[in-house]
Amino acid sequence: MGCMKNLLSTLEQHLVRLPVTASVQLSTGERIGPDNSAVQLIFRSPKALAALVDGQVGAVGAAIVEGWVDVKGQARDIMAAAAGILQSDPVSHTPTWLEQTVSKAKSLAMHTLTRDAEQIQFHYDLSDDFYALWLDPRRVYSCAYFKDLEMSLAQAQEAKLDHICRKLQLKPGERFWDIGSGWGGLIFWAAEHYGVQAHGITLSRNQYDYVQRLIAEKGLQGKVHVELRDYREMDGVEPFDKIGSVGMFEHVGSANLPEYFKTVYTMLKPGGLALIHGITAGGVGNAEVGAGIGDFINRYIFPGGELMHVSRVLHDMGQSGLEMVDTENLRPHYARTLWAWSDSLEAQLPQAQRILEAQYDADKAAKALRAYRLYLAGCAMGFERGWVALHQMLCTRPDGNLQTGPLKGAQSSYPFNREYIYR
């Protein structure tokens, strides 16, 4: 009894310090915090109470998904409260040698050909109609580029696709490979606006079927091609002039990152350009966001996902023989993208529930919806606060000819300035 009193006393002190008003209602009916607060947590079970006091927001999130805790309030207020209860910086942990060894072993085990396919399908094959509800019309499921701050999400996604194509200097007739092509946004944009022969690969059956339908509807047979194929199974395919990979290497795994970049090197023609776009860790040493947040993402959203600091990514890129020529951090752009997705989903919750119930039973549908609501808003907060980042890394495969390119020694078509991107 004394233990519970101390716990509640500590919780009350935490609530007072939050940047938004918050209250907690216990399973006994007792309430802590003001009435009509911006954020309200209603505990059906005491299981997550200690986690709340300890700042383990991932465990509290899991309790919400499982239905042990109800949460009421606006998404931004809920996330402000979540950040406020943290007891430490969630990206400050530096793993020990033993932790690194265990992490590498887990990474190798998680990223076999079979498990990667299963993990991708777990996330991306949830429901096409569900994703279509809150993504832009092109279903671009990655960080947008708000070149103009007044842009809508749809405009910013098109600006992102064009930003990538410009960086790659795509030209008519070139063979372009998109590793992890999603619902086809980049391969269609590249084929329709830059005249390339676009080849995408995905491990998602839903995405593959959707892109095949679009190819037929748009009459782009012979211009756009998509396959259900793993990036490690490209034997017998001729190297490409240009390569893009958007939102993909997060799924590769730390242990497989060298193989991923070796594949990019092998599949890229000498002198060619590759654009690697992906989420990176905010901390130099941490493999995931702390306070249980990484555990939540791995359990409910992206099983097998791993984040690495951009310095580690560039290290493995360089070791493969690729030369990084330009790196751009779009971190706050992803925060704005995620808030746009979150706002869109929050505005259509009954419809989202109906869509998921058409595919799953009501309980599983409700759990998935609760998980995605927390995931989208939580990730938006994480990008705002710098717990995670988003980098676009442009690299070349030098051709060894000092006369190639506009400057002696360029050894590629890259001009070694950024003017061409913005002209």
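About the cut-offs
- Residues numbered from 1 in each chain as written.
- Predicted model: local features only at pLDDT ≥ 70, side-chain atom pairs only at ≥ 80, totals over all residues.
- Heavy atoms only, no water.
- Helix = DSSP H or I, 4+ residues; strand = E, 2+ residues; numbered from the N terminus.
- Buried < 20%, exposed > 50% of the residue type's maximum accessible area, 1.4 Å probe, protein only.
- Core = buried A, V, L, I, M, F, W, Y, C linked by side-chain atoms within 4.5 Å.
- Pairing = 2+ DSSP bridges.
- Axes fitted to C-alpha atoms, helices over the stretch in contact; angles between N-to-C directions.
- Contact = heavy atoms within 4.5 Å.

Chemist: Help me get a handle on unusual backbone geometry, residues and values and all.
Modeler: Of note in this structure, Arg139 is not a glycine but carries a positive phi near 55 degrees. By secondary structure assignment, the location of Arg139 is in the loop between helix H7 (128-134) and helix H8 (153-167). Here Arg139 falls in the buried class, since its relative accessible area comes to 13%. Of note, Gln169 is a non-glycine position whose phi angle comes to about 50 degrees, a positive value. The class for Gln169 is buried, based on a relative accessible area of 16%.

Chemist: Help me get a handle on the nonpolar core, residues and values and all.
Modeler: Grouped together as the largest cluster of nonpolar side chains are 117 residues, with contacts concentrated most on Val24, Phe130, Trp134, Tyr141, Trp341, Leu345 and Tyr372. Among the elements that make up this core, the one with the highest residue count is helix H16 (residues 362-385) (12 residues).

Chemist: With reference to specific residues and values, describe the sheet that holds strand S4 (residues 69-72).
Modeler: Taken together, the four strands give an open sheet; going across it, the order is S2-S1-S3-S4, and neighbouring strands pair in mixed fashion. Two strands close off the open sheet at either side, each with one partner strand: strand S2 (31-32) and S4. In this sheet, S4 lies alongside strand S3 (residues 39-43) in antiparallel orientation, the contact comprising four bridges. Residue pairing for S4: Leu41 is matched across the bridge by Val71.

Chemist: Tell me what's going on with the sheet that holds strand S9 (residues 268-281), and back it up with residues and numbers.
Modeler: Here we have seven strands laid out as an open sheet, ordered S7-S6-S5-S8-S9-S11-S10, and mixed in their pairing. If you trace the sheet from one side to the other, it starts and ends with strand S7 (224-228) and strand S10 (323-329), each paired once. The sheet shows a mean angle of 15 degrees between the axes of neighbouring strands, taken without regard to direction. Here S10 pairs with strand S11 (residues 388-396) via six bridges, running antiparallel. Across the sheet, residue Asn329 finds its bridge partner in S11, namely His391. Each of S9, S10 and S11 is contacted by helix H14 (residues 331-346), which is oriented at about 125 degrees to S11, the strand it contacts most.

Chemist: Pulling in residues and values, what's your account of the side chain of Ser245?
Modeler: Here Ser245 shows up in strand S8 (residues 240-246). Aside from chain neighbours lying at most four places away, what touches Ser245 is Asp178, Ile179, Tyr260, Leu275, Ile276 and His277.

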